[in-house]
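# Structural characterization, general
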Amino acid sequence: NLRMSQDYVPLTPRLEGGPEIALDGLVLGMLVPRARLRVTTFDADTALAFPLIELLSRARRGPDVLDITVDYCEADLGEAERRLAEWLLAVLAADGTTTVAAAGDFGSSGCHPGTDSPSPTYPASSAFVTAVGGVEFAGAAADPSELRPWNEPGRSGGGGGTSAKVAAPPWQPGLRRRVPDVAAHAAPSGAGAIPVCIDAERCTWREQGGTSLAATA
């Protein structure tokens, strides 16, 4: 567990997505300076159920907030794998945990680069999470204008779409789950550069963004 503070600059994990994890830590340090943060990393080929089981088995109760920034192509998920993850997320919700999930950074093509066919990502499409998409705007943060979905054609954009596997929850109209539920600023240029640090003395500045930033905020 890490005790966050406004003076704390987290070291960047030496793995894919490490700079995004560092950015999430910095954002939390600014927004909730006294928060306790636990970061769990796992191989991208690992089923989501395993880290969820570990989370539930290590504590008497789940965290107040669970922020999931890894995503899976919903179309590629096996039914048993998805049902188990849904059950575990339902257990966390029943225990009082609010789970938020990044909706992905490839627009409606949640299975990119395997295919660009329309598909949301999972667990954003779960009925037990709040799916967070991305927006961008013109002007200064204090006086934004032209608020619009984050979209950089051919490169990246805020994820979203209609699930082919998850039924709409009671609070959402229609037959199928639709995401995102909410959105926040996600364009890398808007967040500015952050320190990406190997150790306390070796840092570089890099622009980061994405729906993982939006979900953390």
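In what follows, the structure referred to is the one given above.
Let me sum up the structure you'll find in this document. (Residues numbered from 1 in each chain as written. Predicted model: local features only at pLDDT ≥ 70, side-chain atom pairs only at ≥ 80, totals over all residues. Heavy atoms only, no water.)

## Some words on the overall build of the protein chain
Just so we agree on the cut-off: Counting from the N terminus, the helices are the DSSP runs of H or I reaching at least four residues and the strands are the DSSP runs of E reaching at least two. Each residue gets one of three labels from its accessible area relative to the maximum for its type: buried under 20%, exposed over 50%, partly exposed in between, using a 1.4 Å probe on protein chains only. Contacts: residue pairs with any heavy atoms within 4.5 Å of one another. To be clear on the numbers: accessible area is Shrake-Rupley with a 1.4 Å probe, and residue cover counts the displayed protein chains and nothing else.
Counting secondary structure elements, the protein chain contains 5 helices and 15 strands. Taking all 217 residues of the protein chain together, 41% fall into the buried category. Long-range contacts, defined here as pairs at least 24 residues apart, represent 66% of the contacts in the protein chain between residues at least 6 apart. Entry remark: accessible area of the protein chain is about 12,100 Å², with carbon and sulfur atoms responsible for 55%.

## Details of the pattern of salt bridges
Short version of the rule: What counts as a salt bridge is simple: a side-chain nitrogen of Lys or Arg found within 4 Å of a carboxyl oxygen of Asp or Glu.
One pass over the structure, following the stated rule, counts 4 salt bridges. Close ionic contact of glutamate 136 with arginine 148 constitutes a salt bridge, the shortest N to O distance being 3.6 Å. Of this pair, glutamate 136 sits in strand β7 (residues 130-140) while arginine 148 is found in strand β8 (residues 143-149), placing the two residues 12 residues apart along the sequence. Its salt-bridge partner being arginine 177, residue aspartate 181 comes within 2.7 Å of it at the nearest N-O pair.

## Details of helix α3 (residues 79-94)
In an α-helix, one full turn covers 3.6 residues, which means residues spaced three or four apart are oriented alike. Spelled out, the test is: Helix span is expected to be 1.5 Å times the residue number reduced by one. Along the arc lie the directions from the helix axis toward the C-beta atoms.
Here α3 is 16 residues long and its end C-alpha atoms lie 22 Å apart, about the 22 Å a rise of 1.5 Å per residue gives. Among all positions in α3, only Arg82, Ala85, Glu86, Leu88, Leu89 and Leu92 are buried. Each buried residue of α3 sits inside an arc of 165° when the element is viewed along its axis, so together they form one side. Residues Ala80, Arg83, Trp87 and Ala94 are exposed on α3 and point more than 90 degrees away from its buried face. Among the structural elements, α2 (49-58), β3 (65-68), β5 (98-102), β6 (121-122) and β11 (161-167) are those in contact with the buried residues of α3. Residue glycine 96 follows α3 closely and has a positive phi angle near 100°.

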